[in-house]
Amino acid sequence: MERSRTFFITNTLPTMRHHIIAALFIALGICACGNQSSDKKGTTGKAEISNDGFPEMEIVETDNLKVYYPQYSRIDHICDTMPSAENTDVIFVAEAAFTAELLDSFKHTNIIGPHVSSGHYYKGCGHGYSTWFTYANGKAEFHSGLSKEARTNLLKKTEEASGMAFTQYMIVYNGKLTDCKPFRDNAVNEYRCLCEDSNGRICIADSKPIEFQRFREALNTYGMKHAIYLDMGAGWNYSWYRDKKGKVHFIHSQRTKYTTNWVTFYK
């Protein structure tokens, strides 16, 4: 049964559905194995464009993480309708900002925080957080501790550059774990962050079912420079990527009609 998702812009947990999922994992006694040293980044090969015209999706796995490296030409923040797997220009899609309520029709004010989608600014719901991800002029950037004025200027410049932006919880910033803890340390879930690794490469880190504190530590051990959270939970974790043959691989099988926005990578 779906539940209402009314948000309050505070430091509390964003929605009850995360509690429910965590409780289910705990009840099933699911836990992650292995020590933290196994979360260190391994050596990876250079991705190439296949004969089919698609870039290779480089994937790195550790005991606790599965890290995707889209070889992209641009990134956008798509709202309203999830990019179709039939659009062969798209190579990776995942839910981005939080959705406020379970509504049958879309509106930008149901996305938590101001955002820029395909070069257009939207007010969103509330002020969001002081941490942001932007992509403009071919550059992906993570921002933390922004004042209201700085945020306004950032979004204005991003819009003028026909870029994209959304606000979320920042888990790692400048190579250090932040004080931001939207979930209890012992809350077990499958977590996801949009990241920049120690080599300056943009990637998406998915966790196996683990405690939130272990997820934070795994990101840190892997060597993430920045990591901003992406909305997860049953239905919201539904995402997909395209391999070098053009085949689409769906990540998590359950989908909900209430998702509202996606970080989208293009080949």
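All of these numbers come straight from a predicted model, not from anything done at the bench.

### Quick word on the sheet that holds strand E14 (residues 202–207)
- Spatially, E1-E2-E14-E13-E16-E10-E11 is the arrangement adopted by the seven strands of the open sheet, whose pairing is antiparallel. Of all strands in the sheet, those with a lone pairing partner are strand E1 (58–61) and strand E11 (176–177), marking the two edges.

### Digging into the nonpolar core
- In this structure, Val67, Leu219 and Tyr229 are the most contacted members of the largest nonpolar core, which totals 28 residues.
- Contributions of two or more residues to this core are made by strand E2 (65–69), strand E10 (170–173), strand E13 (192–197), E14, helix H3 (212–222) and strand E16 (224–229).
- Core analysis: the second largest hydrophobic core is formed by 26 residues, Ala94, Phe133, Phe166 and Leu194 among them.

### Overview of the confidence of the model for the chain
- Here the chain averages 86 in pLDDT, while 82% of its residues score no lower than 70.
- Predicted confidence for residues 1–37 stays below pLDDT 50, and this span has 79 contacts to residues more than four positions away or in other chains.
- Low pLDDT, under 50, characterises residues 43–47; the predicted model gives this stretch seven contacts beyond four residues in sequence or across chains.

### Re the sheet that holds strand E17 (residues 239–242)
- Reading across from one edge, E3-E19-E4-E17-E18 is the order of the five strands in this open sheet, with antiparallel pairing throughout. Because the sheet does not close on itself, it has two edges, and the strands there are strand E3 (74–79) and strand E18 (248–251). On average, each strand axis in the sheet is inclined to that of its neighbour by 20 degrees, with strand direction left out of account.
- Taken together, the four bridges between E17 and E18 define a ladder with antiparallel strand orientation. Bridge assignment links Trp240 to a residue of E18, and that residue is Phe250.

### Notes on unusual backbone geometry
- With a phi angle near 50 degrees, Ser118 is a residue other than glycine that sits in the positive phi range.
- Tracing the backbone through its elements, the reader meets Ser118 in the loop between strand E5 (115–117) and strand E6 (120–122).
- With a phi close to 70 degrees, His252 is a non-glycine residue in the positive phi region.
- For His252, the position within the fold is in the loop between E18 and strand E19 (261–266).

Rules used in this analysis
- Residues numbered from 1 in each chain as written.
- Predicted model: local features only at pLDDT ≥ 70, side-chain atom pairs only at ≥ 80, totals over all residues.
- Heavy atoms only, no water.
- Pairing = 2+ DSSP bridges.
- Helix = DSSP H or I, 4+ residues; strand = E, 2+ residues; numbered from the N terminus.
- Core = buried A, V, L, I, M, F, W, Y, C linked by side-chain atoms within 4.5 Å.
- Buried < 20%, exposed > 50% of the residue type's maximum accessible area, 1.4 Å probe, protein only.
- pLDDT = per-residue confidence, 0-100.
- Contact = heavy atoms within 4.5 Å.
- Axes fitted to C-alpha atoms, helices over the stretch in contact; angles between N-to-C directions.

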